[in-house]
Amino acid sequence: VSINPLLYDQAGALVVEEATIEILDSKRNIVFSEITKINNKVDYNLPQFIKPGTYKILITVQDLEEETQFEVDEIIDSEIILDNQTLIIHNIGNVDYEKPIKVDLGDNRIIRRTNIQPNETELIYLFEEVPTGKYDILVTYGDNKKSFNDIQIIGKPKKSFNINSACILLKTPS
């Protein structure tokens, strides 16, 4: 956001004064403030995870105040990273990421429902989900897909139970 406060007198000449610039969020909290000279451009870089909504710009010069506003839209986005045997879902949007994640590994499928806050992550430990082997992995998240090929997973061994039972009949005196 670039702000260049201008103030002209009755003759149309630029007034040389100091201006106070404030940006307020939808709850009227100040997210940016600066004092500058008239006709001096001030830049404010919106943070990546700024909350969506209507923001107000207030410019004050002495007892004069001007107000304008701008909108910050919702951004629903995530990135998928494979780190060793762990899938990392990172919410890079500015609202909660609540879309399901589908992970296909050969004949195995993992589906996770998510609710990830902005700039937070959720982990899927693949080694806990599939047996040892090499996999081509396809991750579907929202309208996006990401693939990882020929990935070695050292999974937990399959558990098997052998139950040996013996039956002993006791004859009781009658």
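Residues numbered from 1 in each chain as written. Predicted model: local features only at pLDDT ≥ 70, side-chain atom pairs only at ≥ 80, totals over all residues. Heavy atoms only, no water.

1. Thoughts on the sheet that holds strand E2 (residues 18-24)
Link 1 in the chain: Pairing within the open sheet is antiparallel, and its four strands lie in the order E3-E2-E5-E6. Since the sheet does not close on itself, it has two edges, and those belong to strand E3 (30-37) and strand E6 (64-72), each with one partner. Across this sheet, the average inter-strand angle for adjacent strands is 15°, counted without regard to direction.
Link 2 in the chain: Direction of pairing for strand E5 (residues 53-61) relative to E6: antiparallel, over a ladder of nine bridges. What sits directly across from isoleucine 57, in E6, is threonine 68. (Pairing = 2+ DSSP bridges. Helix = DSSP H or I, 4+ residues; strand = E, 2+ residues; numbered from the N terminus. Axes fitted to C-alpha atoms, helices over the stretch in contact; angles between N-to-C directions.)

2. Notes on the pairing of strand E10 (residues 108-112)
Link 1 in the chain: For strand E9 (residues 101-105) and E10, the ladder comprises five bridges, and the chain directions are antiparallel. In the sheet register, valine 103 faces E10, and the bridge partner there is isoleucine 110.
Link 2 in the chain: Counting the residues in the hairpin turn of E9 and E10 gives two residues, including glycine 106, whose phi is positive at 60°.

3. A closer look at the environment of phenylalanine 32
Link 1 in the chain: The topology assignment puts phenylalanine 32 in strand E3.
Link 2 in the chain: When the C-alpha atoms of phenylalanine 32 and tyrosine 44 are compared, they prove to be 7.7 Å apart, with 12 residues separating the residues in sequence.
Link 3 in the chain: Setting aside residues no more than four positions away along its own chain, phenylalanine 32 makes contact with Ile21, Glu22, Ile23, Val42, Asp43 and Tyr44. (Contact = heavy atoms within 4.5 Å.)

4. A word on the nonpolar core
Link 1 in the chain: Ranked by size, the top nonpolar core spans 19 residues in total, and within it Val103, Leu126, Ile137 and Val139 carry the most contacts.
Link 2 in the chain: Of all elements in the fold, only strand E8 (86-91), E9, strand E12 (133-141) and strand E13 (144-153) reach the threshold of two or more residues within this core.
Link 3 in the chain: Those residues within four positions of valine 103 in sequence are excluded, and the remaining contacts are Leu87, Asn108, Arg109, Ile110, Ile124, Leu126, Ile137, Leu138 and Val139.
Link 4 in the chain: Residues Ile3, Ile50, Phe70 and Val72 belong to the second largest nonpolar core, which totals 15 residues. (Core = buried A, V, L, I, M, F, W, Y, C linked by side-chain atoms within 4.5 Å. Buried < 20%, exposed > 50% of the residue type's maximum accessible area, 1.4 Å probe, protein only.)

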